[in-house]
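# Tertiary structure, described
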Amino acid sequence: MAAGDASAAAPSVLTVDLRAIAANYRLLRARLGGGAECAGVLKANAYGLGAARVGPVLAQAGCRHFFVAHLGEGLELRPLLPPQAAIYVLNGLASGEEDAFIDARLVPVLNDPGQIGLWLAAARLSSTALPAVIHIDTGMSRLGLSPAEARHLAGERARLNALDLRFLMSHLACADEPGHDLNLAQHREFAGHLAAWPGAKASFANSSAIFLGSTYHFDLVRPGCALYGINPTPGGPNPVAGVARLEAKVLQIRDVDPPRSVGYGATHRVTGRTRIATIAVGYADGWLRTLSNRGCAFYGAVRLPVIGRVSMDLITLDVTSAPAIGPGDIVELMGPHLAVDAVADIAGTNGYEVLTRLGRRFRRVYLDEPQAPA
Ligand SMILES: *Cc1c(COP(=O)(O)O)cnc(C)c1O
């Protein structure tokens, strides 16, 4: 165990199947119509699973476009990705960051006229056509040029000749609901903007929008969640493979009789003799507190309900139906028996939040392709 690496002795293990991520990437890419390329979204540490490990695996699978949210995430990734890989920073460019973007060859997603001005000034100073993506808001009302700003910019398009405009992009609000009116409305609005930019490349689709059909693909799709095993087609079967498995150790077993209660707030009262296993995972590990009295774990194929509240470092399971279980045994909290989307449903959130909250106290194990002999 490396000194100072507390997670090496951790009783809980998060296993990330990099082979499944590569397979999911290839599956998504195979769905694309002619010409569209497939990026990989690595923001928030690759949805909590480890961007430094995921990025090179996607590059190995042929990915050449990577999206992060923060400048810092881009700076961390730059030395880990091939030099020709493009790294786009979704949250855009702030004044004073120009040199950091240029030195690390990061591509800012320009979200407002002020950012476009900053990047044009930096291009002039460095006498280089700096690469850029321009984000047009078509319905998220979050980041990007307003429709009026986008029309104004199109009218003075020649200004942008000083930049290397890689893509015009927009982002869908309801791509995971194929029947939602906003999908077509945003598509129409985006296509309207693109008509004013002959020859410009476009990027529109997240994971779910890849499954809305090839008219949504344009030149570059930007999947995140589907790479990490979250179902991009909720309501239908999951087309992608599960990636993350979370297993934790039983610390202690006890038998409890009525009228005892379990945990903080005494929210669960046993109704008969109950065998309880205490597990070393809690909300400080990202195991959401809304799973109190609702979540479950698996021991082999046996479902073990969470009883009582999730505490900071511990949860308690009713293991009466698995009498063989003992201290040191391993239970599954997420994995083949319990997909990330199932955990999210029970917790009242989405798979993105479940993955991105997974804590740092887990020992992380990465399953990778065997390296080809040199
Ligand atoms: C997070 C994000 C994505 C990826 O979305 P998924 O639903 O995870 O595929 C794509 N584009 C933008 C702008 C994003 O913020």
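Residues numbered from 1 in each chain as written. Predicted model: local features only at pLDDT ≥ 70, side-chain atom pairs only at ≥ 80, totals over all residues. Heavy atoms only, no water.

## Topic: the side chain of Arg 222
For Arg 222, the position within the fold is in the loop between strand 10 (220–221) and strand 11 (244–256). Buried Arg 222, no salt bridge; nearest opposite-charge side chain is Asp 137, N-O distance 10 Å. There is a polar contact of 2.9 Å between the side chain of Arg 222 and the side chain of Ser 203. Leave out the neighbours within four places in its chain, and Arg 222 touches Ala 39, Val 41, Phe 67, Met 169, Ser 170, His 171, Ser 203, Phe 204, Ala 205, Asn 206 and Ser 207. (Helix = DSSP H or I, 4+ residues; strand = E, 2+ residues; numbered from the N terminus. Buried < 20%, exposed > 50% of the residue type's maximum accessible area, 1.4 Å probe, protein only. Lys, Arg positive; Asp, Glu negative; His and termini not counted. Salt bridge = Lys/Arg side-chain N within 4 Å of Asp/Glu carboxyl O. Polar contact = N/O pair within 3.5 Å; in protein donor to acceptor, adjacent residues only side chain to side chain. Contact = heavy atoms within 4.5 Å.)

## Overview of the site of the ligand
By nearness alone, 14 residues border the ligand, and Lys 43, Tyr 47, Ser 207, Cys 225 and Tyr 352 come closest of all. Note that an oxygen atom of the ligand is positioned 2.6 Å from one of the side-chain N or O atoms of Lys 43. Between a nitrogen atom of the ligand and a side-chain N or O atom of His 171, the distance comes to 3.4 Å. Protein contacts shield 93% of the accessible area of the ligand, which totals 390 Å² for the unbound molecule. When the residues that make up the shell around the ligand are grouped by side-chain class, the tally is seven nonpolar, four polar and three charged. (Near = heavy atom within 4 Å. Areas by Shrake-Rupley, 256 points an atom, 1.4 Å probe, with all protein chains shown as cover. Nonpolar A, V, L, I, M, F, W, Y, C, P; charged D, E, K, R; others polar.)

## Some words on the pairing of strand 16 (residues 302–305)
When strand 15 (residues 296–299) meets strand 16, the two strands line up antiparallel, connected through four bridges. Bridge pairing links Ala 297 to Leu 304 in strand 16. The antiparallel pairing of strand 15 with strand 16 creates a hairpin that spans two residues between the two strands, and Gly 300 there sits at a positive phi of about 60°. (Pairing = 2+ DSSP bridges.)

## Some details on the pattern of salt bridges
What the rule picks out here adds up to nine salt bridges. Put simply, Asp 17 and Arg 19 hold a salt bridge, and the shortest N to O gap is 3.1 Å. Taking relative accessible area as the criterion, Asp 17 reaches 17% and is therefore assigned buried. Accessibility expressed as a relative area gives 35% for Arg 19, which makes it partly exposed.

## Side note on the pairing of strand 1 (residues 12–17)
Within strand 1, six of the six residues are buried, which leaves it mostly tucked inside the rest of the structure. Neither face of strand 1 is left uncovered, since the one carrying Ser 12, Leu 14 and Val 16 and the one carrying Val 13, Thr 15 and Asp 17 both have all their residues buried. The pairing of strand 1 with strand 11 spans five bridges and is antiparallel. Bridging across to strand 11, Val 16 finds its partner in Ala 244. Here strand 1 runs beside strand 19 (residues 363–367); their pairing, made up of five bridges, is parallel. For Val 16, the partnering residue across the bridge sits in strand 19 and is Tyr 366.

## A look at the nonpolar core
Looking at soluble globular proteins, one finds that nonpolar side chains tend to be buried together. Core analysis: the biggest nonpolar cluster contains 117 residues, and Leu 42 and Tyr 228 have the highest contact counts within it. Top element by residues in this core is helix 1 (residues 18–30). It accounts for six residues. Discounting residues that sit within four places of it in the chain, Tyr 228 has contacts with Ile 21, Val 41, Leu 42, Ala 46, Tyr 47, Leu 49, Val 54, Val 243 and Leu 355. Val 256, Val 270, Ile 276 and Ile 307 belong to the second-largest nonpolar core, a separate cluster that totals five residues. (Core = buried A, V, L, I, M, F, W, Y, C linked by side-chain atoms within 4.5 Å.)

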